[in-house]
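Reading the structure
Residues per chain are reported as follows:
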Amino acid sequence: MDNVIDDMSIPSQAIISELEKLRRQIEHHNRLYYVQDQPSISDAEYDRLFDRLLEIEREFPELIVPDSPSQRVGAEPSKKFEPATHRVPMLSLQKVTSPEEFLEFDRRVREGLETSEEVVYITEPKLDGLAVELVYREGIFTEGSTRGDGNTGENITPNLRTIRTIPLRLLDSTADQYPLLEVRGEVVMHRSAFEHLNRELREGDKPMLANPRNGAAGSLRQLDPSITASRPLVFYAYAISDTDIKDLDSQSKAISLLKNEGFQINELIKEVRGTSAIEKEFADLDGIRQTLDYDIDGLVVKVNSFADQNILGQISRAPRWAVAWKFAAEQATTILEGVEFQTGRTGVVTPVAKLAPVFVGGANVSNATLHNEDELFRLDVHIGDTVTIQRAGDVIPDVVSVDKEMRPKGAKRVTFPKVCPSCGQTITRAAGEAAFRCLNTSCPAQLEGQLFHFASKGGFDIEGLGGKLAAQLIAKGLVTSSADLFRLTKEQLLPLELMADKRAENLLAAIDHSRSTELPRAVYALGIIGVGESVARLLAQELGSMEVLEKVAIEILEGIDGVGPVIACNIREFFDNDSNAEMLRRMREAGVLFPDYTGSGSVAHLAGKKFVITGTLSKPRRYFKNLVEDNGGKVAGSLSKKTDYLLCGADPGSKLDKARKLGVEVIDENRLQRLLDG
Ligand code: IVH
């Protein structure tokens, strides 16, 4: 028999040592290049090392180990991701959006720690990518997963291996020091890399990525790791899940440990004592964030000491020792997938951008307004465009710019329609106006918008009557004006979609209850253009009843401080319109009361006084706000030297301290009542 052992397949000790040396060298150069951004050898030199590594591994496949640099690209595509359970749950962060809320967080921390001293915090940018966990056993990267629901994510180990800033082997560790180390952090795609990649995708006529965050998420969740390997992803480490490692007693030490083990650490992480330094840090970061090469959406503030973290513990899914202080207005880029034209309650036709969903200003956004024809023209919007959107507070996000360079080939320009998208009637643009309007008074979309507005919180406040139900009521012909709501019967409601017995009864009860809605709300609910909640209250205050408002002369309206000629004209036109008069008549017939205004009207005891409200009161804040405004006062959101009174309920928080500092008079509900009584 021939000799079956092929001498050539047994690696010599020299080969084994060479291989180990190559791996160490390659990972060292990876780190210099990717983490420290300071390469020390040429690309050609690096390729030579890598080629030699591949050559040896090809010859002796049994020598391939999971932490070999070759394994960053090698794995086979998988069919689906396996679940991966996190040993320690991956929590989320509580959020704050104002200095007051942040100070409140700090106050709770100090209360929990029973200290009045300033707390030492670590501040970190809140990276807008994808949170992942990396598990190192005996110093070797063995498993990595997404956050998932916090308890169980998806095992994406082969994909994570392709990320050069993830060490395959810990640098400094001795296996017995960290038999198990779980590292957490964020995978992000740098903006520059994102733009470069999108340009390539566009040139190759491939679907583009909406924004860097979606780029990172989409690239990581590829079943074929070779696609992930081709995507420029970066991992920033920010936590170790175990806090019981010897000598590891703070977040700052965890960060240095991670750095020493070869992880990329964000350069803006700081140790900060006390709240005023953090307020400054927040402002500084907000100021420079557009200049960074990665998206961030706030500042994460963590109590530094692990002992203190343990004392504070967690509430539901978020630790009490950390908070994400989110930036207010925010911009993000995404892709415009289409434009829909919508007719609102006043007949104005608005172009609405349909976007690839993007997280901006603390919410997922998939719609943004393009305002009107002029704006479409100014932005020169095409379908498939890469657009920047902005969201400030609770307002509807809008499209602020279009990146024309990123426009796909053959993209179609968006033009304004000639007819109403709802009723098909020709729409018109009046001279001097930006808006196209549908003038058809029985246009279903307008009616739907009117019903929704009529029933809204500031109006008749009919709970359970949302946009979907309004659309059904109109489509079924049950309602042709808001007045018809008061004639609905259970038999009519029951055949509607998702309308069970109980829901129909509740809705009818809410409608019934709303028959006695107070005057300012009823005026607002009519939806007269320019008459928002405060103008409606003014009108009620000045005129006292719906009957007077219906007949009042335009000169008197114009004379009301805060009304002005345009709104005055709108009001007159509204009541002079026959179908509106008919609607009001039918409402009265159906039992709507329009009670006379009972606020103190011209005897405005709080005239000119400025209030701020804080803490828990006996009724909702809205009630007290209305009460103050009904009596001529104003209510602001934050305190200043100009504030006259802080109306203060239970558990007031930081506003109380601030009021005292500013010398603002603090009053309770009883004192407010005495002020009202004059
Ligand atoms: S710490 C218990 N640090 O924010 C602490 N999270 O809402 C939880 N994030 O899913 C994480 N930058 O994706 C932490 N420097 C940072 C972060 C950060 C971004 C994300 C992370 C997580 C979410 C928590």
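Residues numbered from 1 in each chain as written. Predicted model: local features only at pLDDT ≥ 70, side-chain atom pairs only at ≥ 80, totals over all residues. Heavy atoms only, no water.

A full pass over the atoms with the stated rule returns 19 aromatic pairs. Aromatic pair phenylalanine 105 and tyrosine 121: ring centres 6.2 Å apart, planes at 40°, arrangement tilted. Taken together, the positions of phenylalanine 105 in helix 3 (residues 99–112) and tyrosine 121 in strand 3 (residues 120–127) put the pair 16 residues apart, joining distant regions of the chain. A ring pair is formed by phenylalanine 341 and phenylalanine 416, whose centres lie 5.0 Å apart and whose planes are at 70°; its orientation type is edge-to-face. Pair noted here: phenylalanine 341 is in strand 14 (residues 330–343) and phenylalanine 416 is in the loop between strand 18 (398–403) and strand 19 (427–429), with a separation of 75 residues, a long-range link. Classification of phenylalanine 341 by relative accessible area gives buried; the value is 16%. Given the relative accessible area of 9%, phenylalanine 416 is considered buried. These aromatic residues form a ring-pair network of at least three members: Phe102, Phe105, Tyr121, Phe282, Trp325 and Phe327. Across from the ring centre of tyrosine 623, 4.7 Å away, lies the NZ or CZ of lysine 619, which sits over that ring. (Phe/Tyr/Trp six-rings, centres within 6.5 Å; stacked < 30°, edge-to-face > 60°. Helix = DSSP H or I, 4+ residues; strand = E, 2+ residues; numbered from the N terminus. Buried < 20%, exposed > 50% of the residue type's maximum accessible area, 1.4 Å probe, protein only. Lys NZ or Arg CZ within 6 Å of the ring centre and 35° of its normal.)

Turning our attention to the pairing of strand 17 (residues 386–391). Burial of strand 17 is extensive: 5 of the 6 residues sit out of reach of the surface. One ladder, built from 6 bridges, connects strand 14 with strand 17; its direction is antiparallel. When the sheet's bridge partners are listed, threonine 334 is paired in strand 17 with valine 387. Both strand 17 and strand 18 contribute to a ladder of 5 bridges, which runs antiparallel. Bridging from a neighbouring strand, isoleucine 389 pairs with valine 399 of strand 18. (Pairing = 2+ DSSP bridges.)

With respect to the secondary-structure elements, arginine 52 resides in helix 2 (residues 43–59). Note on arginine 52: relative accessible area 27%, which makes it partly exposed. Measuring from C-alpha to C-alpha, the distance between arginine 52 and leucine 439 comes to 76 Å, with 387 residues separating the pair along the chain. In this view, arginine 52 contacts Ile15, Glu18 and Leu22; residues no more than four positions away in its chain are not counted. (Contact = heavy atoms within 4.5 Å.)

Turning our attention to the pattern of salt bridges. Considering all chains together, one arrives at 47 salt bridges under this definition. Linking arginine 110 and aspartate 106 is a salt bridge whose minimum nitrogen-to-oxygen distance equals 2.9 Å. You can see arginine 110 and its partner aspartate 106 sitting in helix 3, 4 residues apart, about one turn around the helix. Arginine 110 gets classed as partly exposed once you look at its relative accessible area, which sits at 23%. Assessed through its relative accessible area of 5%, aspartate 106 is described here as buried. Residue lysine 270 is joined to glutamate 281 by a salt bridge in which the shortest nitrogen-to-oxygen separation is 3.3 Å. Taken as a pair, lysine 270 in strand 9 (residues 270–273) and glutamate 281 in helix 9 (residues 275–288) lie far apart in primary sequence, 11 residues in all. The exposure class assigned to glutamate 281 is buried, which follows from its relative accessible area of 8%. Overlapping salt bridges, with partners in common, bring together Glu104, Arg107, Arg108 and Glu111 in one network. (Salt bridge = Lys/Arg side-chain N within 4 Å of Asp/Glu carboxyl O.)

Moving on: the confidence of the model for the protein chain. The pLDDT averaged across the protein chain works out to 90; a share of 96% of its residues lies at or above 70. Averaged pLDDT values over the elements of the protein chain bottom out at 84 in helix 22 (residues 621–630) and peak at 98 in strand 3. For residues 1–6, every residue scores under 50 in pLDDT, and the model assigns this stretch 1 contact once sequence neighbours within four places are set aside. (pLDDT = per-residue confidence, 0-100.)

This part covers helix 21 (residues 578–589). Compared with an ideal rise of 1.5 Å per residue, which puts 12 residues at 16 Å, helix 21 spans 16 Å between its outermost C-alpha atoms and is within 8% of the ideal. Within helix 21 the residues assigned to the buried category are Asn580, Met583, Leu584 and Met587. The arc that holds the buried residues of helix 21, viewed along the axis, is 95°, so those residues lie on one side. Away from its buried face by more than 90 degrees, helix 21 exposes Asp578 and Glu589. Glycine 591 occupies a position one or two residues after helix 21 and carries a positive phi of about 95°. (Expected span 1.5 Å × (residues − 1). Arc of directions from axis to C-beta.)

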